[in-house]
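Each chain is listed here by its residues.
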Amino acid sequence: SQKIEQNSEALNIQEGKTATLTCNYTNYSPAYLQWYRQDPGRGPVFLLLIRENEKEKRKERLKVTFDTTLKQSLFHITASQPADSATYLCGDTGFQKLVFGTGTRLLVSP
Amino acid sequence: NAGVTQTPKFRVLKTGQSMTLLCAQDMNHEYMYWYRQDPGMGLRLIHYSVGEGTTAKGEVPDGYNVSRLKKQNFLLGLESAAPSQTSVYFCASSWGQGNQETQYFGPGTRLLVL
């Protein structure tokens, strides 16, 4: 079946370092992927979208890459801050698809 | 603008009881969605609507019904609640579908079925 998978283990990093989160897809090729941030007790909030023909997309300290050979998208937060601690979801919200990964929790310690 | 709002925030039901979750959006979006989120399962689409008066099944529709009588509202009904429906329910809306269509999520409804 068509799946989007994210590492379920939490990622712990120190403030100031770059956090890298992974999103893998299997058994199909999404035309694009979206990344969302979810804080405890709240709904997901959109961060970035990247199309399959785009290698990289940036927004302030955030960067997303899309590697169709590896079937993978990477989400980077540079100069991470404790306020970046949250769960990050990868999703394909394409036409009649609407599939999300389970999310990866990021913990940034001071 | 309030964005997407959900009512209630939290509810406890007994097995077999019924209830309706209300979602409202003030962004004039055409598309609306109901998801459930469970630990280790991620967000799973229950039902969605591509416009007023339309509904369609998502990945996990069994045990749920929906209605979209007004463009701004999307109702999710549980006719006979089961413990397996204990979850956090999120409503979302978007202008449409496709690579430009960001989904805007509500704050969620936490449902516990005993």
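Refer to the structure printed above.
Position numbers for residues start from 1 in each chain and track the written sequence from start to end. Following the order in which they are written, the chains are lettered starting with A and the ligands numbered starting with 1. Note on the predicted model: pLDDT of at least 70 is required for a residue's local features to be given, and 80 or more for side-chain atom pairs to be given and counted; whole-chain, interface and lining totals, by contrast, use all residues. Computation of side-chain values: all heavy atoms of the structure, hydrogens and water removed.

1. Quick word on the overall build of chain A
For the record, the criterion: A helix here means a DSSP run of H or I that spans at least four residues, while a strand means a run of E at least two residues long, and both kinds are numbered starting from the N terminus. We take the radius of gyration over the C-alpha atoms and set the globule estimate at 2.2 Å times the residue count to the 0.38 power. Buried means the residue's accessible area, taken with a 1.4 Å probe over protein chains only, is under 20% of the maximum for its type, while exposed means over 50%, and partly exposed covers the values in between. Two residues qualify as a contact provided that any one of their heavy atoms is within 4.5 Å of a heavy atom in the partner residue. For the accessible areas, the method is Shrake-Rupley and the probe is 1.4 Å, while residue cover comes only from the protein chains on display. The charged-residue count follows a simple rule in which Lys and Arg add positive charge and Asp and Glu add negative charge, with His and chain termini not counted at all. For this purpose, a charge sits on NZ of Lys, CZ of Arg, CG of Asp or CD of Glu.
When helices and strands are tallied, chain A shows 0 helices and 11 strands. When the helices and strands of chain A are listed from N to C terminus, the series reads β-β-β-β-β-β-β-β-β-β-β. The globule rule puts the C-alpha radius of gyration for 110 residues at 13 Å, and the 13 Å found for chain A is close to it. Judged by the C-alpha coordinates and their principal axes, chain A covers about 40 × 30 × 20 Å. Put simply, chain A has 110 residues, and 44% of those count as buried. For chain A, long-range pairs separated by at least 24 residues make up 52% of all intrachain contacts whose partners lie at least 6 apart in sequence. As displayed, chain A offers around 5600 Å² of accessible surface, 46% of which is attributable to carbon and sulfur atoms. Averaging the coordinates of the 14 positive side-chain charges in chain A and doing the same for the 11 negative ones gives two points 1 Å apart.

2. Some remarks on the sheet that holds strand β8 (residues 72–77) of chain A
Residue and element names in this part refer to chain A. Applicable threshold: Paired strands, in this sense, are two strands between which DSSP finds at least two bridges. Where helices are involved, their axes are fitted lines through C-alpha atoms of the stretch in contact, as for all axes, and angles between N-to-C directions lie from 0 to 180°.
On the basis of which strands lie adjacent, the open sheet formed by 5 strands has the order β1-β3-β8-β7-β6 and antiparallel pairing. Because the sheet does not close on itself, it has two edges, and the strands there are β1 (3–6) and β6 (56–59). Recorded for the sheet is a direction-independent mean angle of 15° between the axes of neighbouring strands. Two elements, β6 and strand β7 (residues 62–67), share 4 bridges in a ladder whose sense is antiparallel. By the bridge assignment for β7, R58 is matched with K63.

3. Focus: the state of the cysteines
All names here are of chain A. Our working definition: Any two cysteine sulfur atoms lying within 2.5 Å of each other are counted as a disulfide.
For the structure shown, the criterion picks out 2 disulfides over all chains. Across the disulfide from C23 sits C90; the S-S distance is 2.0 Å. The sign of the -65° torsion about the S-S bond sets the C23-C90 disulfide as left-handed. Here C90 lies in strand β9 (residues 86–92) and C23 lies in strand β3 (residues 19–26), a separation of 67 residues in the sequence. Like C90, C23 is buried.

4. Focus: the interface of chain B and chain A
For clarity, the threshold we go by: Take a side-chain nitrogen of Lys or Arg and a carboxyl oxygen of Asp or Glu: if they are within 4 Å of each other, that pair is a salt bridge. Definition of a polar contact: a pair of N or O atoms within 3.5 Å, with one able to donate and the other able to accept a hydrogen when the atoms are protein atoms, and with sequence-neighbouring residues admitted only if both atoms are side-chain atoms. For this scheme, ten residues count as nonpolar: Ala, Val, Leu, Ile, Met, Phe, Trp, Tyr, Cys and Pro. Four count as charged, namely Asp, Glu, Lys and Arg, and the remainder, Gly too, count as polar.
Each partner contributes residues to the interface: chain B has 20 residues there, and chain A has 20 residues. Taken together, the links from chain B to chain A amount to 0 salt bridges. At the boundary of chain B with chain A, the tally comes to 2 residue pairs in polar contact (both at pLDDT 80 or more). Elements with a contribution of two residues or more to the side of chain B that touches chain A: β4 (31–38) and β5 (42–49) of chain B. The element best represented in the side of chain B that touches chain A is β5(B), accounting for 4 residues. Residue composition of the side of chain B that touches chain A, grouped by class: 9 nonpolar, 10 polar and 1 charged.

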